[in-house]
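# Fold and contact review
Spelled out from the first residue to the last, the chains are:
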Amino acid sequence: MIEVRSLTKAYGPRVAVQDVSFTVNKGEVVGFLGPNGAGKTTTMRILTGFIPPTTGEVKVAGFDVLDEPTEVKRRVGYLPESPPLYPELTIGDYLGFVAELRSFYGRKRAEKVGSVMERVGLSGWESRILSSLSKGYRQRVGLAQALIHDPEVLILDEPTSGLDPGQVMGIRELIQNLGAHQTVILSTHVLSEVEAICPRALIIARGRLVASGTISELRAQAPGGLWYYAELSGVTAPRVGGLPGVAEVEPLGEPDGPWLKLRVRAAQDPRPQIAAAVSAAGGQVRALEQRLPSLEEAFVSIVGREA
Amino acid sequence: MRHLIAVWKKEMRIYFVSPVAYVFLAVYLFLAGVFFYLGVTLTGEASLRVLLGNLAITLVFVLPMLTMRQFAEERRQGTLEMLLTSPVPLAAVVVGKWAASLTLCLLMFLGTLLFPAVLAYYGDPDWGVVATSYLGLIGVASGFCAAGLFASSLIDDQVAAGLIGVVMLLPFWLVGRSEALLPDDMAEKLRDFGVLAHLDSFNRGVIDSIDVYYFVCFTAVFLFLTYRSVESRRWR
């Protein structure tokens, strides 16, 4: 649904995005991660046809953003970082205008406005003036603006920034309830958000794509990656370290009575060997589990790795 | 075309839900009243010459204030991003905005029709001249709205856009009166670029095609420049 090939965008001498390639399939929800100023917004603006790429090829729904921008714009719904609202207008007038921009007139216009307001939970708010709305409601109106024409591709630039936890949940639910026919790219720097709603994520730093994959792939990619947590009795740390395949053993804090707490790294799953060794020594196993670094740790190590 | 109307409707709504339109209408009618009173009492003739001449000058200062927000504000609020990512031709946006500010101008002129009515009650004005004078005024308004829109597309700050608009329009006014400032041959050459040279025949009751052409070109050139300016800023 979205194809980006060697995309580069330069503002004069400053290169904002450099040689980025990725594809997003139909129906996918993809998180776009990166520190501030990494090039997320620039990439999204190019996908929507707002600014042209310097070099590279960008196709949305099969149409090139440079050759057929109107076709792309028809199929894309876009929520910029701050919702694009006219503070003087009422919600009804504003969404009516947006509907007309999308070529819905007369009865169709009223229908579209009514149904999108219901979807984002604004029913009955037609005559509220936009400048009087709280941040959360402004964001909902912004989302309504992006959803009104039922776009195939939805591009959301930090849809939950600055909202309170309840509002964040509301917006997330909305995104999760979108139809399976809608492809979503959403940028954020709230990592728990990506874990909650995006099966796949792209990480961009200093204008380059530094990692992509499912959330667990990204977590495993972090330096160190996978490790094992063990609470054992009856053995010593060097004994565990001597087991075949175990690369590194590190005690985690003080032992809890007879229980030794260990961080074990190994090329292959060492749990059967550890359990066998412990029972051979007459000890016991209280915990033995596989651990992945958190997405935060993975993110910091991936983004930091490129520095 | 329907996109153009959508943009026009939105601009009109913004004018009329905020105090902007009412303040402009009130101020313009007040100024018109003053000019009318002075014009009639000082010259003692039943003509609108002084009134309409002064109303045209006022447009140099009033119209950039009317158009200054149109692109500057869209850009500042981020709504330009929405307009340019919707499948609407940029030309429809530009012309829709220009048409909205011109419409507000026409409403201001409509208000000033009170004064010819007063003249008709007490005297016998030349209706042909009144009609062509208004036509000239509309020509000026059309061109100045386009120029003001261009100023608004240049810069994000609306007050700065307004001032740029005024400064941009002043030369078009002054070249008609610059004989004292410029060498004779230069003043002669520049005269035809000025608005006054072309307003003159309208005010005498004559519609000359060259003058109509002047105002049409004035409008078209500035609308085109606006289009290019909005378009080109996306590439930087």
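Residues numbered from 1 in each chain as written. Chains lettered and ligands numbered in written order. Predicted model: local features only at pLDDT ≥ 70, side-chain atom pairs only at ≥ 80, totals over all residues. Heavy atoms only, no water.

### Remarks on the overall build of chain B
When its secondary structure is counted, chain B shows 12 helices and 0 strands. Ordered by position from N to C terminus, the α and β elements of chain B give α-α-α-α-α-α-α-α-α-α-α-α. Here the C-alpha radius of gyration of chain B, 19 Å, is about what a compact globule of 236 residues would show, namely 18 Å. With the principal axes as the frame, chain B shows a C-alpha extent of 55 × 45 × 30 Å. Within chain B, the fraction of its 236 residues that count as buried is 52%. Across chain B, every contact between residues at least 6 apart in sequence was considered, and the portion connecting residues at least 24 apart equals 74%. Split by element, the accessible area of chain B, about 10800 Å² in all, is 70% carbon and sulfur. Placing the 17 positive and 18 negative side-chain charges of chain B at their respective mean positions leaves the two points 12 Å apart. (Helix = DSSP H or I, 4+ residues; strand = E, 2+ residues; numbered from the N terminus. Rg over C-alpha atoms; globule rule 2.2 N^0.38 Å. Buried < 20%, exposed > 50% of the residue type's maximum accessible area, 1.4 Å probe, protein only. Contact = heavy atoms within 4.5 Å. Areas by Shrake-Rupley, 256 points an atom, 1.4 Å probe, with all protein chains shown as cover. Lys, Arg positive; Asp, Glu negative; His and termini not counted. Charge placed at Lys NZ, Arg CZ, Asp CG, Glu CD.)

### Concerning the side chain of S142 of chain B
Residue and element names in this part refer to chain B. Tracing the sequence through the fold places S142 in helix α8 (residues 127-154). The class of S142 is buried, set by a relative accessible area of 11%. Each residue touching S142, except ones within four places of it in the same chain, is listed here: W98, L102 and T219.

### A closer look at the side chain of R200 of chain A
For R200 of chain A, the location among the structural elements is in strand β9 (residues 200-205). Discounting residues that sit within four places of it in the chain, R200 of chain A has contacts with T23, V24, E28, V29, V30, G31, G213 and T214 of chain A.

### Points about the pairing of strand β2 (residues 14-24) of chain A
Residues and elements named next belong to chain A. Bridge count between strand β1 (residues 2-11) and β2: 7 bridges; the pairing is antiparallel. Bridge pairing links Y11 to R14 in β2. Counting the residues between successive antiparallel strands, the hairpin from β1 to β2 contains 2 residues, one of them, G12, with a positive phi of roughly 60°. (Pairing = 2+ DSSP bridges.)

### Remarks on the interface of chain B and chain A
Between chain B and chain A, the residue contacts involve 26 residues of the former and 31 residues of the latter. Roughly 2700 Å² is buried in total at the junction of chain B and chain A, and carbon and sulfur atoms are behind 63% of that figure. Three residues, E81, M82 and P87 of chain B, lead the burial of chain B against chain A; their summed loss comes to 24% of the area buried on that side. One can count 4 salt bridges joining chain B with chain A. Its salt-bridge partner being D93 of chain A, residue R13 of chain B comes within 3.4 Å of it at the nearest N-O pair. (Buried area = accessible area lost by both parts, 1.4 Å probe. Salt bridge = Lys/Arg side-chain N within 4 Å of Asp/Glu carboxyl O.)

### Structural notes on the domain arrangement of chain A
Domain boundaries assigned for chain A yield domain 1 (2-220) and domain 2 (227-291). Computed over C-alpha atoms only, the centres of domain 1 of chain A and domain 2 of chain A are separated by 47 Å. (Domains from an automatic or database assignment.)

### A word on the packing of α8 of chain B against helix α9 (residues 158-174) of chain B
Residue and element names in this part refer to chain B. Two numbers describe how α8 lies on α9: the axes approach to 8 Å, and their chain directions differ by 140°. Accordingly, the angle class assigned to the pair α8 and α9 is oblique. Once α8 is placed against α9, the crossing between them reads as right-handed. In contact with F144, A147, F150, A151, S152 and L154 of α8, α9 contributes A161, I164, G165, M168, L169 and W173. Looking at the contact of α8 with α9 residue by residue, the classes come out as 10 nonpolar, 2 polar and no charged. (Axes fitted to C-alpha atoms, helices over the stretch in contact; angles between N-to-C directions. Parallel < 35°, antiparallel > 145°, perpendicular 65-115°, else oblique. Left-handed = near helix turned anticlockwise from the far one by under 90°. Nonpolar A, V, L, I, M, F, W, Y, C, P; charged D, E, K, R; others polar.)

### What about unusual backbone geometry?
Residues and elements named next belong to chain A. Positive phi, close to 40°, is recorded for S6, a residue that is not glycine. Relative to the elements of secondary structure, S6 occurs in strand β1. On the basis of relative accessibility, which here comes to 34%, the residue S6 falls in the partly exposed class. Even without glycine at this site, S103 takes up a positive phi of about 65°. The topology assignment puts S103 in the loop between α3 (91-101) and α4 (106-119).

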